[in-house]
Structure formats: structure tokens, C-alpha cells
Amino acid sequence: MKTILLSRNDYTDSIATISDSKSRRFGEKSLEWWDRHFSWKKNKCLVLVDAEEQHLAYLFGINDRYMQYLTIHNLFTPLVHRKQGNARELLTQQFEMSLVKNVKRFKLCAVPQALKFYDKLGFIYWGINTAGDYYCDLPLPKDGLKGVNMMVQNSTNEELIGNKIQTIQKRTQQNGECLTDAETKQFTADKKWLGKKYRHKVIDNFI
């Protein structure tokens, strides 16, 4: 499998062929969000393709101009291609490309529904943002995505946070204060399930 970059027109043509409506709607919402925040001329969609050129998974991500961060904005796999390791492979290849450019860290805001996927990769969270998404901000391991789990296990919180405490505090300062009752219930369940992988208390107590 390999990755290719899609222009806006290529992307719209691609998601139009997605058979299940839920995946297609997510693809359309990702398009709308990217249109509002980024230029397609500079930042295209990364797609995993197989030998038959089928589009298996889509990733919207960006390396900032200072090569400090790889930010993952949206990652999704159409239903027909799920549970085949496609999202993991696409994310692996994105990490490798960022490492070549000497990017230092990666970050993303994971929706609650994606926690089980990212849990398999070893991700941890410093809190939730105002939208109720889980904020991950970590060094980019030298061995890429496969190194995240070991890095987290073998590093102190201070090492994982580095010099980004202010950035992390800003993104997680409300940490659920504005959630509805239903969202708070889900948040409580998610924190219990995550256990030590949810580390907002560290940010509260960070000196």
C-alpha cells in the first residue's frame, strides 16, 4: 500500500463514491472544515491506496511551518475498509513523512468515538477541549507511530510535556465545565475507561 495526495476536486470525486452514508457525511464535513481553515493549494488530503488504486482511508493533517508540530485534524476510513488496519497504516506513513522533516511533536483532538482506536496506539490525553474532544500532545518518537506506546510507558509526564505546558493548559483549561448533563455522563465514563491515560490532574498540578 502507498499514499497519495488528493486535490479538492479529486477528494470530492473520491468521497462521492463512498457507499455508506455515515462515512460519506463525515467526509463532507471534513471537506467543509478544511475549506474554512486551510488552503487546498498548500495542504491536500493524504489517502492510503491499494494496488488497485482504491482509496482506503483519508487523513487531513499538517506540519506547521516551524516543524514543531504534526497536527492530525481528521482521520477516517469508509465502513467497507474498516478493521483492516488501514487507518493505522495511513497514520504510520504520515508519521514517517513528518519524521523526515524533523517535526518535533504531534497533537490531535480525538472525539470520544475514536478513543478505542487511539488507545491501541498508546495515546494519552491531558484533558478535553471546549468541544469535548480529548487532547493529545506528545513528542514524535524517532521510530514513528509504533514507538508511541513505549515512549509513554518509559517517560515521565515532564518529559512528555516538554516545554508545551502553556499550550496544553490553554487547550484543556475548561476541561468539561461547559458540557451538558449527557455529555458529562459520557465524559465520566470515558475517564474511568481511560484510567491512567487521562492525565488532566498532572496539568492542574504542573509547576
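Our structure's up above, just so we're on the same page.
No experiment lies behind these values; they were computed from the predicted model shown.

Rules behind the numbers
Residues numbered from 1 in each chain as written. Predicted model: local features only at pLDDT ≥ 70, side-chain atom pairs only at ≥ 80, totals over all residues. Heavy atoms only, no water. Core = buried A, V, L, I, M, F, W, Y, C linked by side-chain atoms within 4.5 Å. Buried < 20%, exposed > 50% of the residue type's maximum accessible area, 1.4 Å probe, protein only. Contact = heavy atoms within 4.5 Å. Pairing = 2+ DSSP bridges. Helix = DSSP H or I, 4+ residues; strand = E, 2+ residues; numbered from the N terminus. Axes fitted to C-alpha atoms, helices over the stretch in contact; angles between N-to-C directions. Expected span 1.5 Å × (residues − 1). Arc of directions from axis to C-beta. Disulfide = S-S within 2.5 Å.

Engineer: Looking at this structure, how should I read the nonpolar core?
Structural biologist: One broad rule of soluble globular proteins: the nonpolar side chains tend to lie buried together. Judged by nonpolar contacts, the single largest core of 44 residues is most densely connected at L91, F106, Y118, F123, Y125, Y134 and L138. Excluding residues that lie within four positions of it along the chain, L138 makes contacts with R105, F106, I124, W126, V148, M151, V152 and L160. Listed in part, the 13 residues of the second largest apolar core include I18, L31, W34 and V47.

Engineer: What exactly am I supposed to notice about the sheet that holds strand β3 (residues 55–63) here?
Structural biologist: Think of a sheet as strands paired side by side through backbone hydrogen bonds, with each pair either parallel or antiparallel. With respect to topology, 6 strands assemble into an open sheet ordered β1-β2-β3-β4-β5-β6, the strand pairing being mixed. Here the strands that pair on one side only, and so sit at the sheet edges, are β1 (2–6) and β6 (134–139). Pairwise comparison of adjacent strand axes, ignoring direction, gives a mean angle of 30 degrees for this sheet. For β1 and strand β2 (residues 45–49), the ladder comprises 5 bridges, and the chain directions are antiparallel. The residue bridging T3 from the neighbouring strand is L48, located in β2. Packing against the sheet, helix α2 (residues 21–37) makes contact with β3 and β4 (69–76), and its axis sits at approximately 145 degrees to β4.

Engineer: Mind showing me how you'd approach α2 here?
Structural biologist: Two residues of an α-helix separated by three or four positions point the same way, owing to the 3.6 residues in each turn. Compared with an ideal rise of 1.5 Å per residue, which puts 17 residues at 24 Å, α2 spans 24 Å between its outermost C-alpha atoms and is within 8% of the ideal. Listed in full, the buried residues belonging to α2 are S23, G27, S30, L31 and W34. All buried residues of α2 lie within an arc of 105 degrees about the axis, which places them on one face of the element. Structural note: α2 exposes K22, K29 and R36 on the side pointing more than 90 degrees away from its buried face. Contacts from the buried residues of α2 go to α1 (8–15), β3 and β4.

Engineer: Honestly, the state of the cysteines in this entry has me stumped. Any pointers?
Structural biologist: Among covalent bonds in proteins, the disulfide is the one between the sulfur atoms of two cysteines. All told, the structure shown has 0 disulfides when counted by the stated rule. Free of any disulfide, C136 has its nearest neighbouring cysteine sulfur in C109, separated by 9.3 Å.

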